[in-house]
Amino acid sequence: FFGLSSFDTVTTLILSRLVSFHPFFEVIPEILRIFVHKFKPNSPSYMKDLLDLVHLNIDFPITDPTWIFFLVLVIILFAPIVLERLRIPHIIGMILAGIVIGEHGFNILARDSSFELFGKVGLYYIMFLAGLEMNMEDFKSIRVKATVLGLLAFIFPLGIGVWTNLNLLGYGLITSVLLASMYASHTLIAYPIVIRYGINRQRAVSIAVGGTAVTDTLTLLVLAVIAGMYKGDTSDMFWVWLVLKVVVLSVVIMLTFPRIGRWFFRRYSDQVVQYIFVMAMVFLGAGLMELIGMEGILGAFLAGLVLNRLIPHVSPLMSHLEFVGNALFIPYFLIGVGMLINVNVLFGHIDSIKVAGVMIVVALLGKWIASWLTQKIYRMKAVERELMFGLSNAQAAATLAAVLVGYNIILPSGERLLNEDVLNGTILLILVTCVVSSFITEHAAKRIAMDDAELDEEKEQQKERILIPVANPDTLDKLMQLALVVRDEKRTDNLVALNVINDNNDSVRLEMRGKRSLERAAQIAASANVFLKTVSRFDLNIATGILHTAKETEATTIVIGLHNKANIVDSFFGNLTEDLLKNTYQQVMIARFLMPVNTLRRIIVAVPPKSEFEHGFVKWITHLCRMSSQLGCRLHFFAHPQTLGYIKGYIQKKHKDVMTEYQELDNWDDLLIITGQVNYDHLLVLVSSRRGSISYDSSFERLPMQVSRYFNNNSIMLLYPDQKGDPNEALSFADPRGWAETQYYDKVGNWFYKWFKKDS
């Protein structure tokens, strides 16, 4: 079994038993021999031997275009699914897939012209999207601070890197400068984290994003200059002409591309035509840069910068650009990068480990010094320094661009400007910096989100307004009762009742019924000595009418009834509720009461992990505490230990008189243990969240089934807290399902927490 000339007695006995069971097992010794033979030095490809054994005549590497494209699509399809279980970032996973199928792995595919073509398109696509996603308006307001951070983040990694490359790694001057420029660049891998925490408008975030534009532009300029030295004339005027051509062409792109784009978009609205036009502009910019002896990635990056005003982030065109790039071109590029990597060089030579170690230390140290100095210069908080460092230390797009350019430059001596040690070390650099960036950004974002929640609490309460759609007369009374017990008693104008009428042939009849519902709602409010504003409107559909009214009245909370399934194919929430949750980030309470609200005896609240970092955390706790005080019933919280600590601390600080109980719920999958706690006169509150939010968990998708099966005879309320940002789910290749990598880190951390807790 371990490559010996024959199997021992026990193995032979086992195999003889298997053969007697089925003749197929006769081939097991031969398969094992071929498998072990593969790992011997200078052995032939065992894939060919294995296929010959089962009489399949396939030559490797595969050259048929049909099968090449099929295999690449299979990798793009299944790699994220597999890597999700292995807790590996997807960008690293695609590169690993390229290693496996490349000539240094199983030699299934060769890096032919298709990988060169799609790889170059993917590289341009990465740089174009990096420029396209820059927020130039934010950059204007903090341009000085961002410029300082960008310069420091470029100078320190470059300076430290040149010294270490010359003295520790023994490289030449040009190689050292190019390699050090890789340390200076960074990619906003962790930016989706700050978006999900709703702190993307924070000063530190804007400075880090603006600094990225400065740093990456300088890095690409260094890269372009070095690459140009090996493409054109190296006369005395080479440097002068090269810089002059870059400046002139950059000015031409910045002045002409926006005017051409504005003219085109005004005249042509077809989305396919617009997409083709944008891609043509990207490759025009890249081609012009290559004409003057520079790298095309600088032109693609500039095209993204100047076109981002014409392509809004929430536009269909932006969605198409991201979709095509993330679905095809960028994965193709990453797989092609992996096919260049020789794992034997990485693990077979101490030089590769040494190079990777130096690269990682210098990159992290240089970025930390830059963030620390920026904090001290502008007297910023320590958490802001942590956030800037977290956002600015991930290496990905520009780093890959630099290493591939250097790897493809052949010196007169026949050696590459950046050898395989650097190429393989870059993969470790990307992996380590991406993980470190995610951890640090997550930690800082949590702290800032909690501070913002406390600061925004009074402001949110001052503008509180609850919107109650009254379409269903059967639920009108109970929804009004719910709104009355959660409202702020100090305000007199914070309730709005709404009736939406579809503009159809039955509008007259619906209008009369809606008026009666609004009158009934006003009577209920008046009986409690509360003013109620009533709104009746015509709209295309009920969901649109609710959304428009919420914006017009500045509603902060929407209270609706739980949908009743009409048939077996009907969804649990119904189209109305699903549309509301997708198109608003305001707090939504979805309630079903089987008895009057004032007869409830206890409120059971199930809270998912990380809910304390949602923007609306303090709001829904405040509403439930008001409800508990009004009804005189006890609040019983089930939550993760860390979340319970935040809930308990806030209630003791702001609502000391509320009767509360707390019980740990380590895993949201353990929700069924609550079934024994909920009686017929209790209200079960399930604090959920929208897909892509901080506290979202995949187990939420089972809530409809669990509620229908186990809590069908109970009063229930599904609560979706406030979230910051726009109600548009951002999907990317790095995160195709809108989930954060940090969810996996948290799960691993929870496992260690339970393990140590058990041992103690």
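Preceding this paragraph is the structure being described.
Per chain, residue numbering runs from 1 following the sequence as it is written. Residue-level local features of this predicted model are given only where pLDDT is at least 70; pairs of side-chain atoms are given and counted only at 80 or more, and the full residue set underlies all totals for whole chains, interfaces and linings. Computation of side-chain values covers all heavy atoms of the structure but excludes hydrogens and water.

1. Thoughts on the overall build of the chain
Then comes step 1: Only runs of H or I of at least four residues qualify as helices and only runs of E of at least two qualify as strands under DSSP, and these elements are numbered from the N terminus. Within the chain one finds 28 helices and 10 strands.
Then comes step 2: Here the chain holds 760 residues, and 52% of them are scored as buried.
Then comes step 3: Throughout, a contact is declared for two residues whenever any of their heavy atoms are within 4.5 Å. Taking the intrachain contacts of the chain between residues at least 6 apart in sequence as the baseline, contacts between residues at least 24 apart amount to 79%.
Then comes step 4: Taken as a whole, the chain presents about 35800 Å² of accessible surface, with 59% of it coming from carbon and sulfur. Residue burial is assigned from relative accessible area. The probe radius is 1.4 Å, only protein chains are included, and a residue is buried under 20% of its type maximum, exposed over 50%, and partly exposed in between. For accessible areas, the Shrake-Rupley method is used with a probe of radius 1.4 Å. Any residue's cover is judged against the shown protein chains and nothing else.

2. Some thoughts on the nonpolar core
Then comes step 1: Side-chain atoms within 4.5 Å are what join buried Ala, Val, Leu, Ile, Met, Phe, Trp, Tyr and Cys residues into a set we call a nonpolar core. Counting 102 residues, the largest nonpolar core has Leu109, Tyr125, Leu179, Val278, Leu307, Leu321 and Ile335 as its most contacted members.
Then comes step 2: With 12 residues, helix H15 (residues 316-339) is the largest single contributor of residues to this core.
Then comes step 3: Once residues lying within four places of it in the same chain are set aside, the contact partners of Leu109 are Pro61, Ile62, Ile68, Leu71, Val72, Ile101, Gly102, Glu103, Phe115 and Met339.
Then comes step 4: The next biggest cluster of nonpolar side chains, apart from the first, holds 51 residues, and it includes Leu476, Leu532, Cys633 and Leu635.

3. Things to note about the sheet that holds strand E6 (residues 602-606)
Then comes step 1: Only strands that DSSP links by at least two bridges are regarded as paired with each other. Pairing is mixed in the open sheet, where 10 strands are placed in the order E3-E2-E1-E4-E5-E10-E9-E6-E7-E8. The sheet is open, and its two borders are formed by strand E3 (533-539) and strand E8 (660-664), each paired with just one other strand. Sheet twist, expressed as the average angle between the axes of neighbouring strands with direction ignored, equals 20°.
Then comes step 2: Pairing geometry for strand E1 (residues 466-469) and strand E4 (residues 557-561), over two bridges, is parallel. When the bridges of E4 are listed, Leu467 appears paired with Ile558.
Then comes step 3: Across the sheet, helix H21 (residues 473-486) lies against E1, strand E2 (495-502), E4, strand E5 (587-592) and strand E10 (715-720), angled at about 175° from E1, the strand it touches most. A fitted line through C-alpha atoms represents every axis, and for helices the fit uses only the stretch in contact; the resulting angles, taken between N-to-C directions, go from 0 to 180 degrees.

4. Regarding a nonpolar patch on the surface
Then comes step 1: On the surface, Leu77, Phe78, Ile81, Val82 and Leu86 cluster together into a nonpolar patch covering about 460 Å² of accessible area.
Then comes step 2: With respect to the helices and strands, Val82 occurs in helix H4 (residues 65-86). Candidates for patches are residues over 30% relative accessible area with no salt bridge; among them, like charges are joined within 9 Å and nonpolar side chains (Val, Leu, Ile, Met, Phe, Trp, Tyr) within 5 Å. The term salt bridge refers to a pairing of a side-chain nitrogen on Lys or Arg with a carboxyl oxygen on Asp or Glu at a separation within 4 Å.

5. Some thoughts on helix H23 (residues 542-553)
Then comes step 1: Under the 1.5 Å per step criterion, the end-to-end length of H23 is 16 Å for 12 residues, consistent within 8% with the ideal 16 Å.
Then comes step 2: Buried positions along H23 lie against E1, E2, E3, E4 and helix H24 (574-583).
Then comes step 3: Within two residues after H23, Glu554 carries a phi angle of roughly 55°, on the positive side. To estimate how far a helix should reach, multiply one less than its number of residues by 1.5 Å.

6. Looking at the packing of H21 against helix H25 (residues 617-631)
Packed helix pairs are characterised by how far apart their axes lie and by the angle those axes make with each other.
Then comes step 1: Packing of H21 against H25 leaves a shortest axis separation of 7 Å and a crossing angle of 100°. The angle between H21 and H25 falls in the class roughly perpendicular. The segment H21 lies against H25, with Leu482, Val485 and Val486 engaging His623, Arg626, Met627, Gln630 and Leu631.
Then comes step 2: Residue composition of the contact of H21 with H25, grouped by class: five nonpolar, two polar and one charged. Any angle from 65 to 115 degrees is called roughly perpendicular, while one under 35 is roughly parallel, one over 145 is roughly antiparallel, and all others are oblique. In this classification, Asp, Glu, Lys and Arg are treated as charged, Ala, Val, Leu, Ile, Met, Phe, Trp, Tyr, Cys and Pro as nonpolar, and every other residue, Gly included, as polar.

7. Focus on the pairing of E2
Then comes step 1: For E2, the buried fraction is high: seven of the eight residues fall into the buried class.
Then comes step 2: The pairing of E1 with E2 spans four bridges and is classified as parallel. Bridged to Ile466 within E2 is Leu495.
Then comes step 3: The crossover handedness rule: strands pointing away from the viewer, path from first strand over the helix to second strand clockwise, crossover right-handed. Crossover connection from E1 via H21 to parallel E2: handedness right-handed.

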